[in-house]
Amino acid sequence: MTHSLAAARTDGGNSRRAGAQIPGSRSRHPDLLSPASTRAGVAAAPPALPPVLKTRDATMGFGLKTVLSSVTLEFRRGTINAIIGPTGCGKSTLLRAFNRMNDRSPTFWRRGSVEFEGCDVSAGTPDPLELRRRVGMVFQRPNPFPMSIRDNVVAGVRAHRLAPRRELAAVAERHLRQVGLWDAVADRLDDSPFRLSGGQQQLLCLARALAVEPDVLLLDEPTSSLDPATTEIVEALLRTLTPRLTLVLVTHNLAQAGRVAGTTAFLYDGRLVEAGETRQILAAPREPETVSYVTGRIG
Amino acid sequence: MTAAALTPGAGARRDGAARARLRFRRRAADAALWSACAAALALVVAPVVWIVADVASRSLVHWHWSLLTRTTVGQGGGLANAIVGTLVIVAGVAVVAGTAGIGGGIYLAEYASERGGSLLRGASEVLAGVPSIVLGYLGYITLVVALHWQFSLGAALIVLSLMVVPYVVKATEVALRQVPASYREGAAALGMRSGYALRKVVIRPALPGIATGLIVAMAIALGETAPLLYTAGWSDHFPTLHLTHSPLGYLTYVTYVFYNEPYASSHQLSHLAALLLIVLVLILIVASRLLVAATQRHAADRT
């Protein structure tokens with residue numbers, strides 16, 4: 001604990017300035033600057049809007065293993081938020097708590113609250129299927145379905161009956177255009193998606209996730225299997241999705257967090273160590289673990 | 001250690017000899033493995049060729065097209081009734097065992113609890129292990145005699161389906177379990193109901209495996225004799241398609257029973273029925289291959 005304080009003091013000026021930049025979260029969490037605390041608020045302008053996603057004292061795990069301890073965090077509407085941390089720190093579990101993907105494992109348990117638009121995700125309103133429509137997800141490895149490219153894009157639209165059959169082609173085109181894939185696949189919409197490159201497959205999965213008109217998109221290391229050029233395309237695309245959507249991006253790549261995310265939360269060993277503006281987290285972290293991570297000494 | 005051995009020249013020579021020995025050992029192991037593979041291949045292929053050649057040589061000399069149009073009359077005549085009977089039985093088994101087996105496989109792969117799953121799996125394995133003659137006898141004393149169905153299509157279908165349903169269950173379960181978890185995850189993340197995801201996304205890549213299991217089951221039903229002797233009986237006439245009180249003819253009966261008759265005409269029919277059985281099995285195999293090829297159009301071709 002003493003070395004934490006020391007670290008905070010050496011960087012005192014910076015952290016005080018950074019803290020002042022997020023007044024909303026300070027007033028809500030007066031202990032934000034306390035190094036021992038795992039509580040922090042992630043805030044971004046405008047502070048008046050209520051958070052779309054929020055966890056309070058969320059502790060969760062699988063069976064006897066506790067993966068996350070007492071995480072309190074919020075994501076505001078229309079922002080891009082990164083969750084960073086070393087492998088096994090609980091990033092994915094936290095992400096999957098928001099759309100209840102963890103619940104697919106029978107041994108999963110949770111305490112504390114995880115909220116979407118003010119309601120606990122497990123409360124039943126919206127029901128889990130509607131919750132997953134409104135809180136979409138893109139995975140680390142592209143996972144197009146074994147059906148044609150066009151059917152892939154509208155798979156969710158069909159499942160939720162969001163559009164009549166005769167409009168499905170138009171829906172598919174709109175979202176393929178949105179992710180910039182239309183020109184590449186316009187003449188092979190009925191072909192298998194598995195002949196596309198990895199990056200194109202991931203864009204297709206993005207189009208599929210966007211086609212059901214979600215409010216939030218959870219991205220679990222969406223570019224870690226892509227080459228740098230495609231990564232750049234995906235990142236540019238992500239920026240165009242705000243402010244209509246709220247994005248939560250789990251990433252291993254600190255530079256990526258720096259490029260796209262307004263706020264960043266750093267998880268270490270199941271605890272939320274620090275959260276705040278990405279600039280501050282990367283340039284002037286307050287906690288010693290964060291310092292070690294962003295300078296490459298851990299993780 | 002002599003001084004000569006320490007000179008660089010001697011060391012190199014010894015190195016060369018060791019390398020040569022090593023190379024010889026590698027080549028010997030390679031040759032041994034290749035011959036073992038070739039022998040294994042021959043063990044599989046040779047009997048197939050032998051059976052087909054033998055049956056063809058014995059039967060083709062007696063081939064006449066009226067076999068396919070005329071029904072059996074006593075020890076002679078044609079095989080039309082037996083061909084249609086076999087096709088009816090195989091189609092019936094495909095429907096009955098297919099429905100029950102695919103349903104059971106889906107239950108095991110997707111919904112079964114630990115206990116329910118192991119119960120069904122165990123029962124299925126026991127069923128697969130029961131000798132077909134025992135199943136036939138059981139069908140005889142329960143369906144044919146006790147329920148007064150007499151020799152009938154219904155009794156034959158139930159007994160044969162019981163016999164092959166474990167294969168369909170197993171094939172379906174295995175095929176569904178091999179579907180990448182990422183499909184299920186992706187479907188769930190889109191908010192698809194699990195049953196909907198199964199129908200629209202998950203079952204598609206499993207279809208070739210399920211179809212193959214079903215075709216194996218049909219091929220087994222096609223070649224089965226013992227349970228049918230007990231349940232289907234025999235008839236010189238075309239099947240009536242009534243489920244009870246409807247004895248019917250089938251090719252394996254001709255192959256087995258007619259061969260034991262002391263007449264040249266019945267022996268000819270026996271060989272011809274064997275040939276037709278082989279041809280039908282071949283057709284089933286080709287059909288399964290075509291089906292697999294057709295359903296693989298959108299399958300992941302990741303290696």
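Residues numbered from 1 in each chain as written. Chains lettered and ligands numbered in written order. Predicted model: local features only at pLDDT ≥ 70, side-chain atom pairs only at ≥ 80, totals over all residues. Heavy atoms only, no water.

## Some details on the interface of chain A and chain B
Piece 1. Taken residue by residue, the interface counts 31 residues in chain A and 23 residues in chain B.
Piece 2. When the two sides are added together, the surface that chain A and chain B hide from each other amounts to roughly 2100 Å², 59% of it contributed by carbon and sulfur.
Piece 3. In this assembly, chain A and chain B are joined by 1 salt bridge.
Piece 4. Across the pair R96 of chain A and E185 of chain B runs a salt bridge whose closest N-O atoms are separated by 2.3 Å.
Piece 5. Secondary-structure elements contributing two or more residues to the side of chain A that touches chain B are α5 (128–134), β6 (135–138), α6 (149–159) and α9 (198–211) of chain A.
Piece 6. Sort the elements by how many residues they give to the side of chain A that touches chain B and α6 of chain A lands first, with 4 residues.
Piece 7. Classifying every residue of the side of chain A that touches chain B by side-chain character gives 15 nonpolar, 6 polar and 10 charged. (Contact = heavy atoms within 4.5 Å. Buried area = accessible area lost by both parts, 1.4 Å probe. Salt bridge = Lys/Arg side-chain N within 4 Å of Asp/Glu carboxyl O. Helix = DSSP H or I, 4+ residues; strand = E, 2+ residues; numbered from the N terminus. Nonpolar A, V, L, I, M, F, W, Y, C, P; charged D, E, K, R; others polar.)

## Digging into unusual backbone geometry
Residue and element names in this part refer to chain A.
Piece 1. In this chain, T125 is followed by P126 through a cis amide linkage whose omega measures -5°.
Piece 2. Take P126: it is sitting in the loop between β5 (119–120) and α5.
Piece 3. At R161, a residue that is not glycine, the phi angle is positive and equals roughly 50°.
Piece 4. Position of R161 relative to the elements: it lies in the loop between α6 and α7 (168–178).

## With respect to the packing of α6 of chain A against α9 of chain A
Residues and elements named next belong to chain A.
Piece 1. Between α6 and α9, the shortest axis-to-axis distance is 7 Å and the interhelical angle comes to 30°. As the angle between them shows, α6 and α9 are arranged roughly parallel. Considering only the axes of α6 and α9, their crossing is right-handed. The segment α6 lies against α9, with I149, N152, V153 and V157 engaging L204, A207, R208 and A211.
Piece 2. The residue makeup of the contact of α6 with α9, split by class, is 6 nonpolar, 1 polar and 1 charged. (Axes fitted to C-alpha atoms, helices over the stretch in contact; angles between N-to-C directions. Parallel < 35°, antiparallel > 145°, perpendicular 65-115°, else oblique. Left-handed = near helix turned anticlockwise from the far one by under 90°.)

## Quick notes on the sheet that holds strand β2 (residues 65–76) of chain A
Residue and element names in this part refer to chain A.
Piece 1. Within the open sheet, the 4 strands sit side by side as β2-β1-β4-β5. Their pairing is antiparallel. For this open sheet the edge positions go to β2 and β5, each flanked by a neighbour on one side alone.
Piece 2. The sheet contact formed by strand β4 (residues 108–116) and β5 spans 2 bridges and is antiparallel. Along β5, the bridge assignment pairs F116 with C119.
Piece 3. Packing of helix α4 (residues 91–98) onto the sheet brings it into contact with β1 (51–62), β2 and β4, and relative to β1 it is tilted by some 125°. (Pairing = 2+ DSSP bridges.)

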